[in-house]
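# An overview of the molecular structure
Residue-level listing of the chains:
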Amino acid sequence: MSVLLLAELDGDALSPSTARLVAAASLLGPVDVLVAGSASIAQSAATIAGVNRVIVAGGPLLADRLQELLEPLAAQYQYVVAGATTLGKDVMPRLAARLDIQPVTDIVAIEGPGRFVRPIYAGNALETVTDPQSRHVLTIRASAFRPASGGGEAPVEIIEQPYDSAVRLIAAHRTESDVPDLSTAQIVVGGGVSVGSVEGFKLIERLGQSLNAAVGATRAAVDAGYAPNDWQIGQTGKIIAPDLYVAVGISGALQHLAGIQGAKKIIAINSDAEAPIVKIADVALIGDLFDIVPKLTAELDAL
Ligand code: FAD
């Protein structure tokens, strides 16, 4: 057997990023997907093209036994893969330590067996690494890969829950939102500190609604309390790769750019024609955001 992929879940559903991870992992060999969740989530995973087999271990409080679940399975695979997400960053380093394997993290391209590309220096450079170990523990940036298509019919195999763990999950809190998820959204509108207030940030959210976009923010906007922490995009926030990123009143600091390098097109709305974000934007609207954004929103609503 070749690749074991830990599925990303989104509450009681399969995260769209899992299809992207399957596409990436398929470059390494046949992919078995491990779902630590319900049978219906496993069925969703089984429909992703390229999945060889889905292994499901369900039941309450399984999240605190992931380590115990993964470890014996991992021994059977050449590659154990997860997303470079909160889940992957939590589970995979511990797994790698237990298996005495040096993990390769944050992979954005796979050049061949044991040959990976990953960003360094806050995304300012890409390094290609070769991993000579016979077995590999990897985390992959799902946003760097196109999703695998549907139409698969992989068999689903239920396995026993692992033995009890010393770790206990006390609670998991989910931020409910009806806007698209930042990490997988096709359109993202980001707001900077120049919106000036929580009220000012509502302009960004309104534009986001008109575009059916996810909403993000710079660290400066988050630190100022204009936007919640989990909206932060950048080196110390979320990494996004939308088809379109609309950056409103954002200077384009290196740490912010580190989070948007996967964006296919960038529109910058900024009063400063010399701002770094304007230099890299595909389209720039130079002017006052308090003037441009309401007009743009109204135009979009009228379509
Ligand atoms: P500013 O840099 O102040 O830019 C404001 C922009 O708004 C300017 O370009 C200005 O021309 C424009 N503007 C002003 N008024 C208007 C108006 N009325 N209409 C239109 N445009 C206007 N930052 C992140 O975003 N994400 C990170 O993950 C992150 N991680 C960091 C990690 C470290 C270790 C450090 C040191 C910093 C990090 N930062 C991060 C902070 C980063 O360096 C910048 O300070 C931040 O991104 C700037 O945010 P901003 O663009 O909102 O503000």
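Residues numbered from 1 in each chain as written. Predicted model: local features only at pLDDT ≥ 70, side-chain atom pairs only at ≥ 80, totals over all residues. Heavy atoms only, no water.

Of the regular secondary structure elements, the protein holds nine helices and 17 strands. A compact globule built from 303 residues should have a C-alpha radius of gyration of about 19 Å, and the protein, at 21 Å, falls within 12% of that. Counting only C-alpha atoms and orienting by the principal axes, one finds that the protein spans roughly 60 × 40 × 40 Å. Buried positions account for 47% of the 303 residues belonging to the protein. Partitioning the intrachain contacts of the protein with sequence separation of at least 6 by distance along the chain shows that 62% fall at a separation of at least 24. (Helix = DSSP H or I, 4+ residues; strand = E, 2+ residues; numbered from the N terminus. Rg over C-alpha atoms; globule rule 2.2 N^0.38 Å. Buried < 20%, exposed > 50% of the residue type's maximum accessible area, 1.4 Å probe, protein only. Contact = heavy atoms within 4.5 Å.)

Taking burial as the measure, the five residues of strand β11 (residues 136-140) include five buried ones, the bulk of the element. Side chains H136, L138 and I140 project from β11 onto one buried face, and the interleaved V137 and T139 project onto a second face that is buried too. Two strands pair when backbone bridges link them, and strand β6 (residues 79-83) and β11 are joined in this way by five bridges, in the parallel orientation. In the strand pairing of β11, V81 is matched with L138. For strand β7 (residues 104-107) and β11, the ladder comprises two bridges, and the chain directions are parallel. When the sheet's bridge partners are listed, I107 is paired in β11 with I140. (Pairing = 2+ DSSP bridges.)

For the ligand, the set of nearby residues contains 26 residues, the closest of which are T218, I233, T236, S251 and N270. The contact in question runs from an oxygen atom of the ligand to an N or O atom on the side chain of Q255, over 2.8 Å. Residue D288 places a side-chain N or O atom 2.9 Å away from a nitrogen atom belonging to the ligand. For the ligand, whose unbound accessible area comes to 970 Å², protein coverage reaches 71%. If you list the elements that add at least two residues to the shell around the ligand, you get α6 (219-223), α7 (254-257) and α9 (289-302). The class makeup of the residues in the shell around the ligand is eight nonpolar, 15 polar and three charged. (Near = heavy atom within 4 Å. Polar contact = N/O pair within 3.5 Å; in protein donor to acceptor, adjacent residues only side chain to side chain. Areas by Shrake-Rupley, 256 points an atom, 1.4 Å probe, with all protein chains shown as cover. Nonpolar A, V, L, I, M, F, W, Y, C, P; charged D, E, K, R; others polar.)

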